[in-house]
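A structural walkthrough
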Amino acid sequence: MSRRLALEASHAVAEAVRMADVDVIAAYPITPQTHIPERLAEMVANGELDASYIPVESEHSAMSACLGSSAVGARAFTTTAGQGLELMHEAVYVASSMRYPIVMVICNRALSAPISVWADHSDVMAVRDTGWIQVFCQNNQEAFDMTLWAFRVGEDPKVLFPVMVNLDGFTLSHVTEPLFLPEQSEVDRFLPRLQYRLALDPEKPTTHGALGFPSIYAETKIAQEVALRKSKEIVLQGWEEFGNIFGRHYFPVEPYRTEGAKTLLLTMGSLSETAKMVIDIKQDKGESVGLINLRLWRPFPFKELRQAAKDANILIVFDRCISSGGPGGPVYSEIRSALYDQAKRPKVVGFVGALGGRDMSVKDFEYVVDRGREIAEKGSEELFEPVGVRGEVSGIRG
Amino acid sequence: MAQKKLKTADELTWKDMEVGNVITEPGNASLRRTGDWRTERPVVDKEKCNKCGLCWLYCPDAAIKAVKDGYYEPDLFYCKGCGICARVCPKEAITMIEEEEI
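Residues numbered from 1 in each chain as written. Chains lettered and ligands numbered in written order. Predicted model: local features only at pLDDT ≥ 70, side-chain atom pairs only at ≥ 80, totals over all residues. Heavy atoms only, no water.

This part is about the overall build of chain B. When its secondary structure is counted, chain B shows two helices and four strands. Secondary structure elements of chain B, listed N to C terminal, follow the sequence β-α-β-β-α-β. Compactness check: chain B gives a C-alpha radius of gyration of 17 Å against a globular reference of 13 Å for 102 residues, more than 25% above the reference. Expressed as lengths along the three principal axes of its C-alpha atoms, the size of chain B is roughly 55 × 30 × 20 Å. With 102 residues in all, chain B has 29% of them scored as buried. For chain B, restricting intrachain contacts to residue pairs at least 6 apart in sequence, the fraction spanning at least 24 positions comes to 66%. (Helix = DSSP H or I, 4+ residues; strand = E, 2+ residues; numbered from the N terminus. Rg over C-alpha atoms; globule rule 2.2 N^0.38 Å. Buried < 20%, exposed > 50% of the residue type's maximum accessible area, 1.4 Å probe, protein only. Contact = heavy atoms within 4.5 Å.)

So, about the side chain of S270 of chain A. All names here are of chain A. Among the structural elements, S270 can be located in the loop between β10 (263-267) and α10 (271-284). For S270, a relative accessible area of 11% puts it in the buried group. With sequence-adjacent residues up to four places away left out, S270 is seen in contact with C137, Q138, D168, T171, L172 and R320.

Every contact between the two is made by 18 residues of chain A and, on the other side, 13 residues of chain B. Each partner contributes to the roughly 1,400 Å² buried at the junction of chain A and chain B, and carbon and sulfur atoms together form 69% of this total. Considering only the surface of chain A that becomes buried against chain B, L198, T207 and E219 of chain A emerge as the three largest contributors, covering 27% of it. At the boundary of chain A and chain B, one finds one salt bridge. Across the salt bridge formed by R197 of chain A and E18 of chain B, the nearest N and O atoms sit 2.9 Å from each other. Linking chain A to chain B there are three residue pairs in polar contact (both at pLDDT 80 or more). Ranked by residue count, the leading element in the side of chain A that touches chain B is helix α8 (residues 214-230) of chain A, at seven residues. Each residue belonging to the side of chain A that touches chain B can be placed in one class, and the counts come to nine nonpolar, six polar and three charged. (Buried area = accessible area lost by both parts, 1.4 Å probe. Salt bridge = Lys/Arg side-chain N within 4 Å of Asp/Glu carboxyl O. Polar contact = N/O pair within 3.5 Å; in protein donor to acceptor, adjacent residues only side chain to side chain. Nonpolar A, V, L, I, M, F, W, Y, C, P; charged D, E, K, R; others polar.)

Per-residue confidence for chain B averages 91 on the pLDDT scale, and 95% of its residues sit at or above 70. Here the predicted complex carries an ipTM of 0.87, next to a pTM of 0.92. (pLDDT = per-residue confidence, 0-100.)

Residue and element names in this part refer to chain A. Judged by pairing direction, the sheet is mixed, and its seven strands sit side by side in the order β3-β2-β4-β5-β7-β6-β12 without closing on themselves. Lying at the two open borders of the sheet, with one neighbouring strand each, are β3 (52-54) and β12 (296-298). Across the sheet, the mean angle from the axis of one strand to that of its neighbour is 20°, orientation sign disregarded. Here strand β6 (residues 133-136) pairs with strand β7 (residues 163-168) via four bridges, running parallel. Residue pairing in the sheet places V135 in a bridge with V165 of β7. (Pairing = 2+ DSSP bridges. Axes fitted to C-alpha atoms, helices over the stretch in contact; angles between N-to-C directions.)

Residues and elements named next belong to chain A. Throughout the structure, instances matching the rule amount to 11 aromatic pairs over all chains. Aromatic side chains F242 and Y250 sit 5.9 Å apart centroid to centroid with 55° between the ring planes, which places their arrangement in the tilted category. Take F242 and Y250: they sit in the same class, and that class is buried. In this structure an aromatic cluster arises from ring pairing among F190, F242, F246 and Y250. Note that R99 overlies the ring of F161, its terminal NZ or CZ placed 4.2 Å from the centroid. Its end group placed over the ring of W297, R298 keeps NZ or CZ at 4.9 Å from the ring centre. (Phe/Tyr/Trp six-rings, centres within 6.5 Å; stacked < 30°, edge-to-face > 60°. Lys NZ or Arg CZ within 6 Å of the ring centre and 35° of its normal.)

Right, let's talk about the side chain of N140 of chain A for a bit. Residues and elements named next belong to chain A. Locating N140 in the fold gives a position in helix α6 (residues 140-154). Residue classification places N140 among the buried residues on the basis of a relative accessible area of 0%. Not counting the four nearest positions on each side in its chain, N140 is found in contact with L7, E8, A9, A12, L172, V175, T176, E177 and L179.

With that out of the way, let us pick up unusual backbone geometry. The omega angle of the peptide bond from T31 of chain A to P32 of chain A is 5°, so this bond is cis rather than trans. With respect to the element layout, P32 of chain A can be found in the loop between β2 (24-26) and α2 (35-46). Phi angles above zero are rare outside glycine, and F170 of chain A is one such case at about 60°. The residue F170 of chain A is located in the loop between β7 and β8 (176-181) in this model. Although it is not a glycine, D69 of chain B adopts a positive phi angle of roughly 70°. With respect to the helices and strands, the residue D69 of chain B is situated in the loop between β2 (64-66) and β3 (72-74).

Right, here's the structure in full:
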């Protein structure tokens, strides 16, 4: 039997890490992620969790300690945000290339300058191409569920990739709301202990991290790339098993009231919950608008996205990050690219907003839908439109 | 010295790559011809050699082997031609000769 209780999302993550019975936690505190390592350190100190807590001196060291731990077959966890993820950057690539199934929770935060501790997706988009499996959460229950699921999928012998779980800083990480916590026996059934075939072992010596000459580098990277794309099968299987055991079902692309909708709005993370309210309001008024919540960001769910968008005339994509000097927000840009070869495709319109923790209200999303339809019909000189910026914006052009 | 033949890089496809590029066979660096970029090679003059073994001791790649009768010889499968053996030899019994001259 699961228990229903109120927890802050950060503490829900810590509970998931505790129930996953991790061996090593190496993390450096940074706003707005602080409550996660704080709670985990407390659990280890109190004896609630039998793990090594390594109080490292930086995020670069946090990831490096996780690399070493994972290399010997330990279940390793870290967590960071914003600038911390940037400092960690080079080691983030190493985790995926060396195929260590580390789990990392990011409490998404804007990047300096100006210094900002508030929610934004610039941090995760800067590590978009690092080869990790990447998912986004809408609420506390998902923060718990995705963290648990991340270990199950990453450690699968057919996967062996690190997994990044994204929650919006403050607007999700610091929110307290009720969620169901499962029994330990259910977690153990979902998340068995697996023996990592290539773990460092004096009895069976192996070399990890050898030099890659030009003659084999490309072959190595292609092998990694094919494996990451293939991991989607296990991503889906992991969610199916999760649904069977815990009764909550997750998908890479999650449509909300999209039946027959001619206009679709696409959002990620906690903003999808606000956007759903706008869909309800608009559908009550008889407007043909639905929502797509994009949960799986890497490997990108091309098939599922095309399926979800196939009957729409307009697809409005909302980004929480600017791809500087590029074609629009990173999500918008990728979605346009994913649909480009489709014989029938919706007009894709891009908005960028909620930067650096700026609130996105129901009213703001209503504006996005209305203005998005207007742009789809009449066109715009701008490559994307910023939301809620004071003063008329022009000059976002080629 | 090489005991068996390893696949060369040209013979490996992306499907042959081990997960995470892990090398599962320990110590297989000894199978690789690491002396193939040498530009000079040490040549020992046995007439001058007093079998002191300093060349063997100083070689950074353990590429000087003890041979019969107490003499020492470079193993050219691994020797990179750094010349340390020639420099430390108290009898000046080792001379570095350009590969092109051989």
